[in-house]
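# Secondary and tertiary structure notes
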Amino acid sequence: CEKYGGPEDASEMVYWSDITSDASFESPFHAKHDQGDRPMYMTFEPDGGGWNNIRMAMETVVVMAHAMGRTLVIPPGQGMYLLRKDKGKQNIHFSFADFFHLDSLDREHEGIDIITTEEFLLREAMTGHLVDKHTGIVSFPPENRTNWDGQDPKPLKEWLRNVTHTPLWKPESCLAVIPASADASDTDELHAMKDEILKDMPSPADYIGKPGPVDGSPIDRMKEILADRKGLCMYDEEMQAAPVIHFMCYHKMRVRLLVHFYAFLFFQDWRQDLWTKRFVRDHLRYLDELQCAAARIVQAIREKARKRDPEGNPEGLFDSFHIRRGDFQYKNTRLEADEIYKNSNDVLTENATVFIATDQGKKDFFNPLKAHYDVYFLDDFKHLLGGINTNYYGMIDQLIASKGRVFVGTYHSTFTGFINRMRGYYAEKHKLQGYEEGIIDSYYFAPIGQKFVMRDYVPVKQAFYAREFPASWRDIDKGVGELTSNN
C-alpha cells in the first residue's frame, strides 16, 4: 500500500489467494473456439440498478465468458446509477476496469481474453464482420462511432442487440449449465439429470444445515442448486456457433442477470465449479487503492477501540452495521434507530466501538445507537481518504464493514450481501468457527425472521439477490491443482 499512502501493513484486508495453478486453466470450449478462423466474443449491458446489482451481473458475465471460452468485451465507460456524485469535479463515467484488476486478470489467465468495446468495434464491426440478424446485411455501429466512452450507450445497445445472438436467459426460471466438454453426450447427460430430478424434486429447505459435499456427483449437486427451477439454460450447439453472444439488461422483456454467478451457473465438473468460485474471490476484488484506503480507516477504528478499553480490547475489535435507507424499496427493513437497536443489541457488545456503513445523510438519526455504542462513520475519516473519487466511498464502506467482529446488515440489500461474502471468504481462509458449514458471525436487523439466517447453512434459494449464500465460499479450495485444461 506504500504507493497509495499506506498503511505499511494491510494484510488483514486480504481474503484472496494467489494460486499459480489456477491461472493456467482453460475451459474446454476455449480450445474449441480457438480452432476457428476468428475469435468468439461475449458482449453485455451493465445492470440498470445500483452498484452492487451492477457488480453482481458483471461477475456472472465474466464467469460465463471464461466458461464458454469467449473473448469478453467490456462495455464503454458510462454513468452508473448512484455513481454520479460531483459531476464536473471528478470522473462520473466508469468502466469496470475502474473498480477491478481486469488488466492483470487478462494478462495472467490463459483461459480468458478481455478487450474494450472500442477494440471490438474496430476489429469486428468496422471490418464488416457483423451482420444485422433480421436483414442479413452488414451493419456498422451508429454514426460509425467506435469510441463510446462517456456517450449515451442506448444507441450502441440497440445496435448490438441486432447484430448478435441474444439469449433470453432468466435466472429465476432456468439453471445455466456448463457441460464438462464440448461433446454432445455431456449435454444429453445434463438434460437427463434434470429430468430425473424433476420426478421427485427436492426443496431448498431439505438442505438447511445439511450441505452436500462440494465434490459430490453431478446429479446430487444439481439437486442442491436447482432452487425450484425446472428449466436448463444450456450452452448448446447453436450458442457455441454464434460469433458474438450478447447479454441484455432489458426490463421490458424481463431479461436481467440479477443473480449471483454461483446461484445461476452449474458446472458438470465439480472442479471447474470450485475453480470458478476461487477465480471470482481471487481476481474480481476491488482495486488495491480502495483496499488500502479501507485498511487505513480500519486501523484508525481499531486504535479508537483500543483506547476506549485498553485492557479488555487490546486487539481493537469493533462491530459493524450496514443500514440502508435512501430509495430502498423494501419497506420492512426501514426501521427507526431505536428499533434497530432493539433487534440487534443481543448480538453486540454494550459500549463497543461500532462502525456504520450507511446512505443516511443526517447522522442524528443514529442517536439511539450512539447512546449504547461508540459510533463512527466513513465521514469521520475523510482525512484518510486523500483525493479518492467520492463515488468509490460505498466500496470503501463495504470493505471496512467487512472487518467487524460482528456484522449486522440489511436484508434484501446486495450491498450487505457483498460484505457478507467477503466475511465468508475471510472465515474460510482463516478457518474461523463454523467455517465447515460456511457459517459467519453476521445477522440482519430486519425482517426479524431473517435475523439468524447467516448462522446456519442455507442452500441457494430464491430470491437469489436478497442475500449471499455459503455456496460461494464454503470449501472452495478443495481440489486446487487437480483441474487442468486437459481434464
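Provided above is the structure to which this section pertains.
Our subject in this report is the structure included herewith. Owing to the predicted nature of the structure, the values given are computational and were not obtained by experimental measurement.

On to the sheet that holds strand β6 (residues 244–247). What the 4 strands build is an open sheet, ordered β3-β2-β1-β6; its pairing is parallel. Edge positions in the open sheet fall to β3 (114–116) and β6, since each of these has one partner strand only. Between one strand axis and the next, the sheet turns by 25 degrees as a mean value, whatever way the strands run. Taken together, the 2 bridges between strand β1 (residues 41–44) and strand β2 (residues 71–74) define a ladder with parallel strand orientation. Across the sheet, tyrosine 41 pairs through a bridge with threonine 71, a residue of β2.

Take a nonpolar patch on the surface next. Together, Leu122, Met126, Val131, Ile137, Val138 and Phe140 make up an exposed nonpolar region whose accessible area comes to about 480 Å². Take valine 131: it is sitting in the loop between α4 (117–125) and α5 (154–163).

Taken as a class, soluble globular proteins show a tendency for nonpolar side chains to be buried jointly. Within the largest apolar cluster, 101 residues are counted, with the highest numbers of intra-cluster contacts made by Trp51, Met64, Phe96 and Ile396. For this core, the element with the highest residue contribution is helix α2 (residues 51–67), accounting for 10 residues. Among residues more than four places away in sequence, those in contact with isoleucine 396 are Leu290, Ala293, Ala294, Ile297, Leu378, Leu385 and Ile388. Counting 21 residues, the second-largest nonpolar core is a separate cluster that includes Ile356, Phe365, Val406 and Val408.

Helix length check: helix α11 (residues 288–308) (21 residues) gives 30 Å between terminal C-alpha atoms against 30 Å at 1.5 Å per residue, within 8%. Where α11 is concerned, the buried positions are Leu290, Gln291, Cys292, Ala293, Ala294, Ala295, Arg296, Ile297, Val298, Ile301, Arg302 and Ala305. Elements in contact with the buried residues of α11: β9 (353–358) and α14 (393–401).

Scanning the model with the defined rule gives 2 disulfides in all. Between cysteine 1 and cysteine 292 runs a disulfide, and the two sulfur atoms are separated by 1.9 Å. Between cysteine 1 and cysteine 292 the disulfide shows an S-S torsion of about -85 degrees. By sign, it is left-handed. A residue pair is termed long-range when its members are at least 10 positions apart, and cysteine 1 in the segment before α1 (28–34) and cysteine 292 in helix α11 qualify at 291 residues. For cysteine 1, a relative accessible area of 31% translates into the label partly exposed. Residue cysteine 292 is classed as buried on the basis of its relative accessible area of 3%. Residue cysteine 174 pairs covalently with cysteine 233 via a disulfide, S to S 1.7 Å. Between cysteine 174 and cysteine 233 the disulfide shows an S-S torsion of about -75 degrees. By sign, it is left-handed. Of the two residues, cysteine 174 sits in strand β4 (residues 174–178) while cysteine 233 sits in strand β5 (residues 231–234), which places them 59 residues apart along the sequence.

It is worth spelling out the pattern of salt bridges at this point. Summed over all chains, the structure comprises 25 salt bridges. In this structure, aspartate 346 engages lysine 451 in a salt bridge whose closest nitrogen and oxygen atoms are separated by 2.6 Å. Taken as a pair, aspartate 346 in the loop between α12 (337–344) and β9 and lysine 451 in the segment after β12 (442–444) lie far apart in primary sequence, 105 residues in all. Taking the relative accessible area as the measure of exposure, lysine 451 reaches 6% and is therefore buried. Note that aspartate 379 and lysine 382 form a salt bridge whose closest N and O atoms lie 3.8 Å from each other. Residue classification places lysine 382 among the partly exposed positions, given a relative accessible area of 44%.

Turning next to the sheet that holds strand β10 (residues 374–376). In space, the 5 strands of this open sheet follow the order β10-β9-β8-β11-β12, with parallel pairing throughout. Each edge of the sheet is formed by a strand with only one pairing partner; in this case those strands are β10 and β12. Each adjacent strand pair in this sheet contributes to an overall mean axis angle of 20 degrees, direction not counted. When strand β8 (residues 319–323) meets β9, the two strands line up parallel, connected through 5 bridges. Considered in β9, the bridge of serine 320 is made with phenylalanine 355. Its contacts with the sheet put α14 on β8, β9 and β11 (407–409), and the angle it makes with β9 is roughly 150 degrees.

Rules behind the numbers
Residues numbered from 1 in each chain as written. Predicted model: local features only at pLDDT ≥ 70, side-chain atom pairs only at ≥ 80, totals over all residues. Heavy atoms only, no water. Pairing = 2+ DSSP bridges. Helix = DSSP H or I, 4+ residues; strand = E, 2+ residues; numbered from the N terminus. Axes fitted to C-alpha atoms, helices over the stretch in contact; angles between N-to-C directions. Patch = residues over 30% accessible without salt bridge, like charges linked within 9 Å, V, L, I, M, F, W, Y side chains within 5 Å. Areas by Shrake-Rupley, 256 points an atom, 1.4 Å probe, with all protein chains shown as cover. Salt bridge = Lys/Arg side-chain N within 4 Å of Asp/Glu carboxyl O. Core = buried A, V, L, I, M, F, W, Y, C linked by side-chain atoms within 4.5 Å. Buried < 20%, exposed > 50% of the residue type's maximum accessible area, 1.4 Å probe, protein only. Contact = heavy atoms within 4.5 Å. Expected span 1.5 Å × (residues − 1). Disulfide = S-S within 2.5 Å.

Read these as geometric descriptors, not functional statements.
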